[in-house]
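Tertiary structure, described
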Amino acid sequence: MAAAAVDKLVFALNGRRYEVAGADPSTRLLEFIRTQTPFKGTKLGCGEGGCGACVVLIAKYNPKTDKVTEFTASSCLTLLYSINFCSVITTEGLGNTQDGFHAVQKRMSGFHASQCGFCTPGMCMSIFTSLINADKSKRPEPPKGFSKLKVSEAEKAFSGNLCRCTGYRPIVDACKSFASDVDLEDLGLNIFWKRSDKNPDVSELPSYSLGGGVCTFPDFLKSEIKSSHDHLNVDCIAASREGWYHPRSIKEYYELIGSYFFSDTVKVVVGNTITGIPGYKDQDLCYKYIDIGGIPELSNIVKKESGFEIGAAITISKTIEILKQECESVSSANGSVVFRKLADHMSKVATPFVRNTASIGGNIILAQKYPFPSDIATILLGAGAIVCVQVIAEQRQITLEEFLEQPPLDPTTLLLSIFIPNWISDYQKDTSLLFETYRAAPRPLGNAVSYVNCAFLGHASVDQQSDTLVLRNLRLAFGAYGTEHAIRAKKVEEFLTGKSLTASVVLGAIQLLRDTIVPMEGTSHPEYRVSAAVGFLFSFLSPLTKSIPQPGKALTSGSADSADTDDVRNHPVSSRREIIPNDDYKPVGEPIKKYDVELQASGEAVYVDDIPAPKNCLYGEFIYSTQALAYVKCIKFRSSLASERIIDVVSAKDIPIGGENIGSTFTFGDEPLFGDPIAAYAGQALGVVIAETQRYADMAAKQVIVEYETEGLSPPILTVEEAVENSSYFEVPPELYPKEVGDVSKGMAEADHKIPSTEVRLASEYYFYMETQTALAIPDEDNTLVVYSSSQYPELAQSVIARCLGIPFSKVRVITRRAGGGFGGKAFRSFQVATAAALCAYKLRRPVRMYLNRNTDMVMIGGRHPVKAHYSVGYKSDGKITALHLELLINAGISPDASPQIPGTIMSSVKKYNWGALSFDIKVCKTNNTSKSVMRAPGDTQGSLIADAVIEHVASVLSVDANSVREKNFHTYDSLQLYYPDSAGEASTYTLHSIFDRLVSTSSYVDRAESIKQYNNSNKWRKRGISCVPLIFRVEPRAAPGRVSVLNDGSIVVEVGGTEIGQGLWTKVQQVTAFALGKLWPDGADGLLERVRILQADTLNLIQGGLTAGSTTSESSCAATLQACNMLIDRLKPVLDRLQQQSENVSWDTLISQASKENVNLSASAYWVPGQESNKYLNYGAGISELEIDVLTGAITLLRGDLVYDCGKSLNPAVDLGQIEGSFIQGIGFFIYEEYITNSEGLMISNSTWDYKIPSVDIIPKQFNAEVLNTGYHKNRVLSSKASGEPALILASSVHCALREAIRAARKEFAYSAGSGTSPSEFQMDVPAPMTLVKELCGFDIVDKYLESLSTQERASLA
Ligand SMILES: Cc1cc2nc3c(=O)[nH]c(=O)nc-3n(C[C@H](O)[C@H](O)[C@H](O)COP(=O)(O)OP(=O)(O)OC[C@H]3O[C@@H](n4cnc5c(N)ncnc54)[C@H](O)[C@@H]3O)c2cc1C
Ligand code: FES
Ligand code: FES
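Residues numbered from 1 in each chain as written. Chains lettered and ligands numbered in written order. Predicted model: local features only at pLDDT ≥ 70, side-chain atom pairs only at ≥ 80, totals over all residues. Heavy atoms only, no water.

1. A few points about the environment of Val 1278
Here Val 1278 shows up in the loop between β44 (1263-1269) and α36 (1287-1291). For Val 1278, a relative accessible area of 9% puts it in the buried group. In this structure, the C-alpha to C-alpha distance between Val 1278 and Ser 1114, residues 164 residues apart in sequence, is 9.8 Å. Excluding its chain neighbours within four sequence positions, the residues that come into contact with Val 1278 are Glu 1115, Cys 1118, Ala 1119, Trp 1168 and Leu 1211. (Helix = DSSP H or I, 4+ residues; strand = E, 2+ residues; numbered from the N terminus. Buried < 20%, exposed > 50% of the residue type's maximum accessible area, 1.4 Å probe, protein only. Contact = heavy atoms within 4.5 Å.)

2. A closer look at unusual backbone geometry
Cis geometry marks the peptide bond from Asp 676 to Pro 677, where omega comes out at 5 degrees. Of note, Pro 677 is situated in the loop between β23 (669-671) and β24 (678-679). A cis amide bond links Val 1327 with the next residue in sequence, Pro 1328, at an omega value of 0 degrees. With respect to the helices and strands, the residue Pro 1328 is situated in the loop between α37 (1293-1309) and α38 (1331-1338). One non-glycine residue with positive phi stands out, namely Ala 350, at about 50 degrees. Locating Ala 350 in the fold gives a position in the loop between α10 (333-346) and α11 (352-355). Its relative accessible area of 26% is what places Ala 350 among the partly exposed residues.

3. Topic: the pattern of salt bridges
Under the definition given, this model contains 71 salt bridges. Residues Asp 282 and Lys 267 are paired through a salt bridge, measuring 3.0 Å at the closest nitrogen-oxygen approach. Of the two residues, Asp 282 sits in the loop between β7 (266-269) and β8 (288-291) while Lys 267 sits in strand β7, which places them 15 residues apart along the sequence. Given a relative accessible area of 11%, Asp 282 falls into the buried group. (Salt bridge = Lys/Arg side-chain N within 4 Å of Asp/Glu carboxyl O.)

4. Considerations on the packing of aromatic side chains
Here the structure, examined in full by the defined rule, presents 44 aromatic pairs. When the centroid spacing of 5.3 Å and the interplanar angle of 55 degrees are considered together, the rings of Phe 456 and Phe 478 count as tilted. With Phe 456 in strand β15 (residues 452-463) and Phe 478 in strand β16 (residues 468-479), this residue pair connects regions lying 22 residues apart in the sequence. The two residues Phe 456 and Phe 478 agree in class, both being buried. (Phe/Tyr/Trp six-rings, centres within 6.5 Å; stacked < 30°, edge-to-face > 60°.)

5. Some points on the sheet that holds strand β40 (residues 1097-1098)
Two pairing modes exist for strands in a sheet, parallel and antiparallel, and in both the strands are linked by backbone hydrogen bonds. Pairing in this open sheet of eight strands is mixed, and the strands run β21-β25-β19-β32-β29-β30-β31-β40 from one edge to the other. Each edge of the sheet is formed by a strand with only one pairing partner; in this case those strands are β21 (648-650) and β40. Two elements, strand β29 (residues 774-780) and strand β30 (residues 784-789), share six bridges in a ladder whose sense is antiparallel. Bridging across to β30, Asp 780 finds its partner in Thr 784. This element, helix α19 (residues 694-701), spans β19 (618-624), β25 (685-691) and β32 (848-851) of the sheet and lies at about 20 degrees to β19. (Pairing = 2+ DSSP bridges. Axes fitted to C-alpha atoms, helices over the stretch in contact; angles between N-to-C directions.)

In structure tokens:
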């Protein structure tokens, strides 16, 4: 074979040398790190390049220049063979328990920037790499202790990394703390200085040395590279006879593809990022790869007078760098505009860690071969790029346009390079160059493909006669709107060329554009895409058109324009975090860092998939049904490489005699593990494919062909309407059905006005914990099993597994160390994976691990309950509501799960206002969908939105500020007791009024609302809205066990029933233990906190562990711990007294040593059961959100969020604040961004990071102020604390309400009354309300209408 092929791969991982021979060339770097090395810090979150959990640093060494370059990469996409002679650093390589933690890890810990910790290693790597790359820049030396990074770059440092827990703000703070221009006082709560400290100093922070202080490229590897006989071409050294080929010339490439081994299963790659893209992901295993990155012609960068030639294998990041450098060096600003805008736009393509390995040529090939919504093809088309291609022996230069129009290419065509012309203004002809690019995408900083993108280029000159601008040489490129590939709108170009720009000409252009931009059949949001494209063309043309007024600021900008730099959207995130400290139970109440947090940052914290695979371990992946209701006739597999890897398929027939087909259970009933013989919903498990590795199992599961039969079955019930038609309901036990209040007919009769039945709908939400469902089952002697499960309810997992296998509960030990996020999704929904793994292990007598791939997890697991609500409301002219009647249909899916509780939680939240009288009819519908389950603030979230939709509707009809209607309908203490008879508490604890008033005044709500009115009056195309929402959230603590044991050396171990899912339960338990045992001394005991170790939940060690959910597990676990500590104190006190008679200063060590000698039982167990009085209580809070919408694209910018939350006496204000902020941002996801889309069978199809957009750092409020109130002592609550995990999520409904306000302003501006409402101000706005809906509600045709009216005026003025 001509192309180089050597036996082994050599690289460094965290400074250690690795030599690998004979590896499967399809192995990803992540898979290798996690399965073949001791390093487990690099996590798998999506496998699609879409989350950042797997980010590592890759360093390359150039022996010619003796330079090292470092960049981040998504190790889930990077092929192992492509890192030959590279150095890889994972978070363990930055710091660890043995060598000490790195400043990045320590600051992430100290700024409380890690909760479940699953995203933290990836965050650390992104931040670290940004720091060292900034440090390498030519910027001036920063002050000692700082990096050269700028505050404005902090968010961008990790813009592609997702975190589902924190809400990002503390991560921004941790990153900003390194920035040379930071004002340390602006940073939020941390452990390094006290809030009262007015002049924090960098020396108080864990020290950072310029350059990062980590050797990123070890000397031994440099020497090896230098001494390699092939050192002139080290990058190109190939590896593996197993099937990895690395041609070093075009000739070698063609020899390879012309050779005998070439077939469809051979993959040609550069960055291999295509494997992250749904639709183009590998459908089968590949055994042979041709890496073309080493062909010199593909890596050249040639600067010419006329432009730039960029090799096709150059990465997108490198291309951005080249273009930026060129802008800096080109003297004419006009001349560089094209390069600058291209670079800006490319900075929004994918994520930094994808751009660093993704090649520009690979992107264009994707655009050419498939209908991939490429940005790069569109903007380069707009910029007039020319490509150089090799087709076997022939080399051709053709325009990108011609290239895109060719039939899809095969591997005989090699894209060599892309030429970007250097466009300049022609001053001799008095023309100036115009170039703009735009993209409408769900996230501003990228990490989301566009709905539509465009690039417009032209030369403008003034027509002296008419004194108007005229355009020539126009190139109008549009892509991603549902087209085979990007196109030029030639008819529009021709139409505009040479014409004086007037409103009617622009209108004509737009009408022509509508005929040109026609999304393909099946494209989502077709009208939106066309309308956004129209908006972009209008944005481009209108500033050039004299007769179009330019009210307010710039119209809209896809790529940030320098003129826009004062725009608030470009401001870095800022925040204020206030806590009122509580010293009563020290160290309880102190904002100490999270237990084990450095371990989370350094990747040493062990999650289920980090437990080393036992010998002979096998791996499983579910096969699921794609039909809603059908008999499963047969399961077979396509003939493929992946199918050859199948070891077994486990299904219902493998359930042992005496066992049950059970996969989940709760009070209201069971759910089967497998659909057998009928698949009852799309997404139901039908079996488990078993293979030698997780990837083989995942890939094999894709090969399944299931034959279904529907004869004899009625059609599936998919919607709540169909459930009503078929009376398909789950019963709600009468004791759980919420109680009505007052007489609604009377209330309606008293009303001055009525709004008749009005609809609002709330869709489902997927949990998107960063760690998907996972379990490891290990069979043991005598038919026993140990199952490691990432679960919020190990106790019930144990019983489901035992019932499935038909063995006593005592034979099943379920262990949960920690979970990488839960949000309710690992309560009942975790059982299925644990049970399936257990069944497979039981059958095969081998350990079996299952770590669901993200797409499968999304399809199978379900989520929040969708609700369809109708409200009828009666109210007085002053806004006082006299009666509310609700009709609610809750889609519960196939099994009851916890759904019969949802009516209660919805109504509990609806009751936050005094409706006068309240009645309702609630149906919990049984449908053929995945079972819906508890998700953070289940029911309450939906109830709160419904309540506020009613308030806002009343306010809009009355044309008054919604807050006045809110306040009119706030509860008095008397009405509170009426609505919440079991939980209202004492009058003194009803703090909502004071919270609301405090928030309104501290956030200057009234002034801001006024200035928003003015803003809206003077801005046509951008509108703002503000809203303030109150919160009442009822919680009910449950019983919980705890055991505290003191070892002979004085160290303490604590076991509690609750599991650590990121909510800080262990931290609070640690604090409570130190406080409670310290009570033996009047001033507490020093150093107890550090002695406390919290153990994992283990269902055989500590029984009755219960469910971790409902925000109260931390406090009940603390209460049990407190009780156990009190027992120990009772036993230790007499010993201490005796010792103190001999010596005044008795230390903890002396006490324990003596107690041990005296055979005192140093282990105490308790089972805390909440008393009648402490059983239920109410939480209060309020939130204000202010936002801006771009009427042309529907893009939403959250300008500010202000929260006040009553935490009682917070057990740990840092933990509570983190919960509050994190849940608020998660709520924003539900109300605005996250689209849970199903197909006609009910199968979730937005099942990837590409389609399902949880909030990323670029969407959080630009200013975010949160305040934790510590209200008074309360004897009935655990150390006077209150819950914090869920309630604040509800406050995010203020974003939805503010959005409605902004849309209302837009509709009024354009007198728009479409949608299901009757007037501009009244319209139905469902949940979620993403930008596509915003645009729809603002009007898809407002630009056309607006231009029509201007054209009429133009004609009139001419007449
Ligand atoms: C998470 C994520 C987000 C993304 N977001 C965006 C986005 O917002 N906008 C956007 O435009 N793109 C986006 N992309 C696409 C990304 O830009 C491309 O995946 C990438 O550029 C492809 O380059 P690669 O080197 O990884 O190609 P590979 O994956 O290695 O190859 C892709 C295909 O091109 C072929 N190929 C590659 N180079 C050549 C060549 N020179 N000649 C012939 N054939 C070749 C390969 O055989 C293969 O078929 C995203 C990708 C990911 C993973
Ligand atoms: S796991 Fe690689 S980006 Fe998500
Ligand atoms: S801490 Fe970021 S995902 Fe949990």
